[in-house]
Amino acid sequence: MTNLKADIIVDARYRSCPGPLLSLAEAVMKANPGQVVLLLATDPATPKDVKAWALQVGHKVLRVEVTDDTYYIYLEV
Amino acid sequence: MPKISIIIASEKLDKVLPPMTLAVTAAVSGWESEVFFTFWGLLALKKGHNVGEVSSDYKAYERALKNAVNSGSIPNLLDLLKYGKSTGRMRIYACSTTMELLGMRRGDLIDYVDDVVGAAFFLNNAKNSDITLYIS
């Protein structure tokens, strides 16, 4: 389905806002520019939250996919 | 970058977690963020303070909320403070008057507290904030 390769995977499934975003932000802080972080989340607010956050901090959401209630959010650091 | 200034005047779980969620999310979004704990809010910053209770009107939901916090699906206060402080953009203040009132000393507060301050100090900090909230 996707040919995007994630350098780092953050599994924040079954955690509510702000858990997924905080875990993502923590991973992004440790990552290098250009790396791709994949966030797995089940909280339906997460895709919009991540997009709003990424806009403010200057990262790029590459793709959002949803399968079986899980969101797969690819973000370029 | 925008700035948010929040006053928390209750130690109840349902009064502390939502504004702290905003404060920490602001800090990880690059905002300046500060939270002033006053009156009963200060009790949440005491060393050894437990997860806390919900407001008396919402006791029916206490178990659900505590389970969510204990299982990690919702971050607890200490988790939020840890995340917020790791950004270097979130400051936590304790009200000096309440410290006196409750007979608390600096050493009674958790280490995440930046300073014990008064009303004028907070006002001076908060006057240029984009968002200000008072939660009690």
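Refer to the preceding data block for the structure.
Report follows, based on the coordinates. Remember, predicted model here, so these are calculated numbers, not experimental data. (Residues numbered from 1 in each chain as written. Chains lettered and ligands numbered in written order. Predicted model: local features only at pLDDT ≥ 70, side-chain atom pairs only at ≥ 80, totals over all residues.)

What chain A contains, in helices and strands, is two helices and four strands. When the helices and strands of chain A are read in sequence order from the N terminus, they spell out β-α-β-α-β-β. The C-alpha radius of gyration computed for chain A amounts to 11 Å, which stays within 12% of the reference 11 Å derived for 77 residues, consistent with globular compactness. Reported as C-alpha extents along the three principal axes, the dimensions of chain A are approximately 30 × 30 × 20 Å. The proportion of buried residues among the 77 residues of chain A is 29%. Partitioning the contacts of chain A with sequence separation of at least 6, the portion at a separation of at least 24 is 64%. (Helix = DSSP H or I, 4+ residues; strand = E, 2+ residues; numbered from the N terminus. Rg over C-alpha atoms; globule rule 2.2 N^0.38 Å. Buried ≥ 20, exposed ≤ 12 C-beta atoms within 10 Å, placed from the backbone. Contact = placed C-beta atoms within 7 Å.)

With that settled, consider the interface of chain B and chain A. On the chain A side, the residues contacting the 11 residues of chain B number 11 residues. Tallying contributions element by element places helix α1 (residues 13-28) of chain B first for the side of chain B that touches chain A, with four residues. Considered class by class, the residues forming the side of chain B that touches chain A number five nonpolar, six polar and no charged. (Nonpolar A, V, L, I, M, F, W, Y, C, P; charged D, E, K, R; others polar.)

Residues and elements named next belong to chain A. Viewed as axis vectors pointing N to C, helix α1 (residues 19-30) and helix α2 (residues 46-57) meet at an angle of 40°, and their least axial separation amounts to 10 Å. In this view, α1 runs oblique relative to α2, as classed from their interaxial angle. For α1 against α2, the interelement crossing comes out right-handed. For the pair α1 and α2, the contacting residues are Pro20, Leu21 and Leu24 in the first and Thr46, Asp49, Val50 and Trp53 in the second. Across the contact of α1 with α2, the residue classes tally to five nonpolar, one polar and one charged. (Axes fitted to C-alpha atoms, helices over the stretch in contact; angles between N-to-C directions. Parallel < 35°, antiparallel > 145°, perpendicular 65-115°, else oblique. Left-handed = near helix turned anticlockwise from the far one by under 90°.)

This part takes up the sheet that holds strand β3 (residues 60-67) of chain A. Residue and element names in this part refer to chain A. Here we have four strands laid out as an open sheet, ordered β1-β2-β4-β3, and mixed in their pairing. Each edge of the open sheet carries a strand with a single partner, namely β1 (8-12) and β3. On average, each strand axis in the sheet is tilted by 15° relative to the strand beside it, whichever way the strands run. Strand direction decides the pairing type here: β1 and strand β2 (residues 36-41), joined by five bridges, are parallel. Opposite Ile8, over in β2, you have Val37 as the bridge partner. Packed on one face of the sheet, α2 meets β2, β3 and β4 (70-76) and runs near 10° to β4. (Pairing = 2+ DSSP bridges.)

Okay, the sheet that holds strand β1 (residues 3-8) of chain B next. Sheets are built from strands paired through backbone hydrogen bonds, the pairs being either parallel or antiparallel. Residues and elements named next belong to chain B. Read across the open sheet, the five strands follow the order β4-β3-β2-β1-β5; overall the sheet is parallel. Each having just a single partner strand, β4 (115-117) and β5 (131-135) make up the two edges of the open sheet. With strand direction ignored, the average angle separating the axes of adjacent strands in the sheet is 25°. Lying over the sheet, α1 contacts β1, β2 (32-37), β3 (90-95) and β5, oriented at roughly 160° with respect to β1.

This part covers unusual backbone geometry. Peptide bonds are, in most cases, trans, and in most cases residues other than glycine have a negative phi. All names here are of chain A. Following Cys17, the chain continues into Pro18 via a peptide bond in cis, with omega recorded as 10°. When you line up the elements, Pro18 lands in the loop between β1 and α1. Positive phi outside glycine occurs at Tyr14, with the angle close to 65°. The residue Tyr14 is located in the loop between β1 and α1 in this model. C-beta crowding within 10 Å serves as the criterion here: with 15 such atoms nearby, Tyr14 is assigned to the partly exposed category. Of note, the phi angle at Asp69 is positive, near 70°, even though the residue is not glycine. Counting through the fold element by element, Asp69 comes out in the loop between β3 and β4. Classification of Asp69 as exposed rests on a count of 9 C-beta atoms within 10 Å.

Residues and elements named next belong to chain B. Relative orientation of the contacting elements α1 and helix α3 (residues 77-86) amounts to 20°, with a least axis distance of 9 Å. The angle between α1 and α3 places the two elements in the roughly parallel class. As for how α1 packs across α3, the hand of that crossing is left-handed. For the pair α1 and α3, contact is made by Val16, Leu17, Met20, Thr21, Ala23, Val24, Ala27 and Val28 and by Leu77, Leu80, Tyr83 and Gly84, respectively. Across the contact of α1 with α3, the residue classes break down as 10 nonpolar, two polar and no charged.

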